[in-house]
Amino acid sequence: MPTDIEMFLTAVAGLLVVGLPLIMFRVSVPRRVAFEVLAEHELTSAQARLFTRLDAELLELGYRPAGNRRTANMQGRALIRTYLSAADPAVVMMNLMASGVEGAGEHPMNYLEIVTSYQDGTTLATRNAEISDVLETLPGHLIQERKGLRSAAKLKAEHDRKAAELLVHGPLHMRPEDFERVFDEFHQRWCEHQIGRGLLTPVDNDPTRLRPTVKAGLRGIANFLNPLADNFSWPRLAAGLLVGIALPTAAGLWLAGPGGAQVERLAAATGLSPLHCTLAGFALLLTLTGAVVGWLFTGKAFVWSFLLCYLPLRLVAPLAIGATAILSLWAGVVAGWAAARRERRALLA
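The residue numbers shown here count from 1 along each chain, following its written sequence. pLDDT decides what is reported in this predicted model: residues at 70 or higher carry local features, side-chain atom pairs at 80 or more are listed and counted, and totals for whole chains, interfaces and linings draw on all residues regardless. The side-chain figures draw on all heavy atoms in the structure; neither hydrogens nor water molecules are used.

Novice: Residue-level account of the sheet that holds strand S9 (residues 200-203), with values.
Specialist: In this description, strands pair whenever DSSP reports at least two bridges between them. Secondary structure follows DSSP: runs of H or I at least 4 residues long count as helices, runs of E at least 2 residues long count as strands, and numbering of each begins at the N terminus. Strand order in this open sheet of 3 strands is S1-S10-S9, and the pairing throughout is antiparallel. With partners counted over all chains shown, the strands left at the sheet margins are strand S1 (29-30) and S9, one partner each. As paired strands, S9 and strand S10 (residues 206-212) are joined by 4 bridges and run antiparallel to one another. When the bridges of S10 are listed, Val203 appears paired with Asp206.

Novice: Talk me through the side chain of Ser28; I want residue IDs and the actual numbers.
Specialist: Checked against the element boundaries, Ser28 lands in the loop between helix H1 (3-26) and S1. For this analysis, residues touch if any pair of their heavy atoms sits within 4.5 Å. Once residues within four sequence positions are removed from consideration, Ser28 is found in contact with Gln75, Val203, Arg209, Leu210 and Arg211.

Novice: Give a detailed account of the sheet that holds strand S7 (residues 123-127), specifying residues and quantitative values.
Specialist: One open sheet holds the 7 strands; their spatial order is S2-S3-S4-S5-S6-S7-S8, and the pairing between them is mixed. With partners counted over all chains shown, the strands left at the sheet margins are strand S2 (35-38) and strand S8 (141-145), one partner each. Pairwise comparison of adjacent strand axes, ignoring direction, gives a mean angle of 25° for this sheet. Lines are fitted to the C-alpha atoms to define the axes, a helix being fitted only along its stretch in contact, and any angle between axes, read from their N-to-C directions, falls within 0 to 180 degrees. Its contacts with the sheet place helix H3 (residues 152-163) against strand S5 (88-96), strand S6 (111-117), S7 and S8, and it is angled at close to 155° to S7. Most of the contacts of helix H4 (residues 179-196) go to S2, to which it runs at about 150°, and overall it touches S2, strand S3 (64-71), strand S4 (79-85), S5 and S8.

What follows is the structure, given as structure tokens:
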């Protein structure tokens, strides 16, 4: 078996041994979500700035704020700001998925969702979330994913196009006081569906909460390893290829040609071996590569950085497999650090 495959299988085995129990026993969701109402003056300045911009954009569409609610018994205490229109049955929700840290800018996990409910139980949701669902969608719940579409007006236009096809189902208007009741009814049906599909099961010592099953845990690991999940987009891929593949490939080809003599002269001047000079040069290059890829892909930073660096190094660089793997892992670590820095700067909830 090729060494590359052995390394990959070893890494996957490590994820299964360590990651699967963590997912199954440290992650849980409540059967019924409890909310805390937040007044405007309780928002952080970063949240207020974001909502001020969004309020102005949605006001042009006929929507006004209808309250802020923070989930009180979820592990990631999300903040939801709802918007309603007297002339449109769709509900607009801004979901802030961070953790209570002051920041600036938009966090990659925050997303805008537009939802229309219908008399026969059908639900249409259009969202720009950059996270992929591991659990299953309820029957009759139609979701339009529009990753990277940040404009509320454009997202609403996408929603309206699909909603026009569903008018025969009888769209329902929601009042501000209906939010928690409607949310609770939907969430309870969602929980029962996940239990029926073998993805969630009651926590042994707390029947009010559900935890992932082995099946759900395996899906989570597969989602983590899948570079095309979550915040993947073709523009991001193009930028990642330009930086992640072009730079290491160019460096490898240069070393195989005229760069070899330059390395020999550098080694003679520094007293280091040519191999150490080569490794140091690649380490600096991959540090830059990892930082850029991490800034681009955030949630998938480690996976994308490792892939984009490992493949060109393996094909064109005059390095052993072990050195290639270590350098690629280093790029992944840097990418994870860069992604974390970007997220910390953008935490809003």
